[in-house]
Amino acid sequence: ATFPHDWYTRTGQGYGGEYRYIAGPMSDGKVTVYRFDQKAAEFRDANETGTLPATQSFEVRANAVHAIARGLRARTRVDYFSSVITQQLYHQNVYDASRRVRVVQAGLTGAWGPYNAAVTNDRSEMFNSERSSFIYGSTPRVNAGIAPTRLFGAPVYGSVTSEFANLPYRNETDGVAVSDSGLSRLDVAPLVRVPVSRWTFLTLNTSAGYRLTRYSESLNAQGVQVPEPFTRSYFDLRTDAVGPVFTKIWDAAADSTAERYKHVIEPWFPYQQITPVENYEAVPVLSNANDFIVSGVARLTYGLTNRLLRRDRPREGVAGTAREFLSVSVQQTYYSDSEASQYDPTYASSIQGRSRVDLSPVALMVRYSPTLATSATMRLEHDVSGGGLQSVTAAGNVYFGPHSVSANLSRRRIIRTAPSELVVSGATNVSFMEGRVRGSYNLTWDIARNTVVNQMVNATYFAQCCGFGVEFQNYNYGQISSIPLGSDRRINFSFSLAGLGTFPN
């Protein structure tokens, strides 16, 4: 075992340690523990003076996997912090500073040929404020199933999945439950799939599934959850058609680095039919997308994908590789019951509370990678019923030698009366002198609120025996109610000694 230290402090005094074990090729684990001792300190914000009280807190992050026997593994994950204020106040990247969920997970998973089983325990707690939190997860969850297996030597494949879960679902204030909607659920779902066509230009698969679910509680006519068991069952019929696929291949110019190009036009048409479900509105909807099924609904999705591929010319006796450098897809879904448009996880703008529509937004997905060092992706959804552009996400990365630039954009406006959300983030990393001199710049800008959430500049220098680093950050807490500060400026210095680790200050 090795114990590389990762000492650090933010304000006041703190310490931490990282521990790792490797017990063979199938076992690995890592535990990081931080303890924070914050002294009382005064601060000035907008010409007002306040006080941060003295507190003590800790944070534990752990991941481990261990092979117990052939096909059987144990896994655990811990992401736990004792103070949400410390979590939001002192972490220096946007993800950790905005993280308000602590998780404790452990489980056993096994697979033996087509058979698989798992037992897991998951407790997650999401904080709404320093005192209020929401508990969810599964305590425990038991899964068992049979992977798709050919039946009777015919081109018919069958599979079964089953699950029992005890689902906590409650709000707490100061550790005391103020509301509890938790329940137990037993779910069994056999499936039969038949590949009708295996032609290269046309693929047609059809399947028939049956789902039986038993809930320990249900909703009454007024929508109130009551301790009365409820059983729901329905058939799920699906057909997936891909094609006809059109392909064109042509040789590249003689002076091109590519040897050959290929263009593929691929239409696809998934269809789903749910049989009528008696009293389906009595199902308590928690966090599983399968809990709420609109009775007797049919969905037809139609989409078209264009792919451009290239094969590079052989170099120095090495065969050229083929890769996809451009993909453009567009899709939309028709619902026989407009209520289903609020519960379709395929679309980011499909949420409960928005207007019911027969046609989903038109979704456009683009992936572009002209070189191995350059890539860009984009997805947008446009509401054809008059809502306009619902969401846009875009990201790009460029690598040139040891340097890199990345940018991300996210825009959402799902409810027509709500203001748009628009956030832009980016990062630049440079490296010189074979990595001994490094620098980076990170920016997160909430354009809709005209606020720079995070801005950070970092520079480091490493020699053979030691190194030095300096980091400046400006962080805006915005409307986080549990944080008394409006914004904070930080400057950190760090020293690295070979064989000992890094000592920030």
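Rules used in this analysis
- Residues numbered from 1 in each chain as written.
- Predicted model: local features only at pLDDT ≥ 70, side-chain atom pairs only at ≥ 80, totals over all residues.
- Heavy atoms only, no water.
- Patch = residues over 30% accessible without salt bridge, like charges linked within 9 Å, V, L, I, M, F, W, Y side chains within 5 Å.
- Areas by Shrake-Rupley, 256 points an atom, 1.4 Å probe, with all protein chains shown as cover.
- Salt bridge = Lys/Arg side-chain N within 4 Å of Asp/Glu carboxyl O.
- Helix = DSSP H or I, 4+ residues; strand = E, 2+ residues; numbered from the N terminus.
- Core = buried A, V, L, I, M, F, W, Y, C linked by side-chain atoms within 4.5 Å.
- Buried < 20%, exposed > 50% of the residue type's maximum accessible area, 1.4 Å probe, protein only.
- Contact = heavy atoms within 4.5 Å.
- Phe/Tyr/Trp six-rings, centres within 6.5 Å; stacked < 30°, edge-to-face > 60°.
- Pairing = 2+ DSSP bridges.

### Description of a nonpolar patch on the surface
Item 1. A cluster of nonpolar residues, Ile 68, Leu 108, Val 119, Val 142, Phe 164, Leu 186, Val 188 and Leu 212, forms a patch on the protein surface that exposes about 600 Å² of accessible area.
Item 2. Following the sequence through the fold, Leu 108 ends up in strand 7 (residues 101–112).

### Quick notes on the nonpolar core
Taken as a class, soluble globular proteins show a tendency for nonpolar side chains to be buried jointly.
Item 1. Ranked by size, the top nonpolar core spans 13 residues in total, and within it Tyr 234, Ile 274, Val 294, Val 297 and Ala 340 carry the most contacts.
Item 2. Among residues more than four places away in sequence, those in contact with Val 294 are Ile 274, Tyr 280, Asp 337, Glu 339 and Ala 340.
Item 3. Counting 9 residues, the second largest nonpolar core, distinct from the first, contains Leu 52, Leu 89, Tyr 90 and Val 453.

### Re the packing of aromatic side chains
Item 1. If you walk through the whole model with that rule in mind, you get 8 aromatic pairs.
Item 2. Pairing Phe 468 with Phe 493 gives two aromatic rings, centres 6.3 Å apart and planes at 25°, and the pair type is stacked. Residue Phe 468 is located in strand 29 (residues 466–476), and its partner Phe 493 is located in strand 30 (residues 487–497); the two are separated by 25 residues in the primary sequence.
Item 3. One aromatic cluster is present, built from ring pairs that chain together Phe 134, Tyr 136 and Tyr 169.

### A look at the environment of Val 33
Item 1. Mapped onto the elements of the fold, Val 33 is located in strand 2 (residues 28–38).
Item 2. Judged by its relative accessible area of 31%, Val 33 falls in the partly exposed class.
Item 3. In the structure, Val 33 is positioned 48 residues away from Phe 81 in sequence and 9.9 Å away in space, judged by C-alpha atoms.

### Remarks on the pattern of salt bridges
Item 1. All chains considered together, the criterion is met by 18 salt bridges.
Item 2. Among the ionic pairs, Arg 379 bridges to Glu 381, the shortest N-O distance being 2.9 Å.
Item 3. For Arg 379, a relative accessible area of 23% translates into the label partly exposed.
Item 4. When its relative accessible area of 0% is taken as the criterion, Glu 381 is described as buried.
Item 5. Where salt bridges share partners, they join Glu 266, Arg 307, Glu 324 and Arg 367 into one cluster.

### Notes on the environment of Val 103
Item 1. Looking at where Val 103 falls in the secondary structure, it is placed in strand 7.
Item 2. Distance in space between the C-alpha atoms of Val 103 and Ser 124 is 4.5 Å, their sequence separation being 21 residues.
Item 3. If sequence neighbours within four positions are ignored, Val 103 has contacts with Arg 77, Val 78, Asp 79, Tyr 80, Asp 122, Arg 123 and Ser 124.

### Remarks on the pairing of strand 6 (residues 72–81)
Item 1. In this sheet, strand 6 lies alongside strand 5 (residues 55–69) in antiparallel orientation, the contact comprising 10 bridges. Residue Glu 59 lies in a different strand from strand 6, and its bridge partner there is Phe 81.
Item 2. Counting the residues between successive antiparallel strands, the hairpin from strand 5 to strand 6 contains 2 residues, one of them, Gly 71, with a positive phi of roughly 80°.
Item 3. In terms of strand pairing, strand 6 meets strand 7 through 8 bridges, oriented antiparallel. Residue pairing for strand 7: Arg 73 is matched across the bridge by Thr 109.

### Digging into unusual backbone geometry
Item 1. The step from Thr 139 to Pro 140 runs through a cis peptide bond, and the omega angle for that step is 0°.
Item 2. By the element assignment, Pro 140 lies in strand 9 (residues 132–150).
Item 3. A positive phi angle, close to 55°, is found at Glu 434, a residue other than glycine.
Item 4. Here Glu 434 shows up in the loop between strand 26 (421–432) and strand 27 (437–446).
Item 5. With phi around 55°, Asn 450 is a residue other than glycine that occupies positive phi space.
Item 6. Its place among the elements puts Asn 450 in the loop between strand 27 and strand 28 (451–462).
Item 7. Asn 450 gets classed as exposed once you look at its relative accessible area, which sits at 65%.

### So, the pairing of strand 28
Item 1. Both strand 27 and strand 28 contribute to a ladder of 10 bridges, which runs antiparallel. For Val 437, the partnering residue across the bridge sits in strand 28 and is Tyr 461.
Item 2. Linking strand 27 to strand 28, which pair antiparallel, is a turn of 4 residues; within it Asn 450 sits at a positive phi near 55°.
Item 3. As judged from the 9 bridges shared by strand 28 and strand 29, these two strands associate in the antiparallel manner. Bridging from a neighbouring strand, Thr 460 pairs with Gly 469 of strand 29.
Item 4. The hairpin formed by strand 28 and strand 29 contains 3 residues between the paired strands.

Remember that the coordinates give geometry; whether it matters functionally is a separate question.
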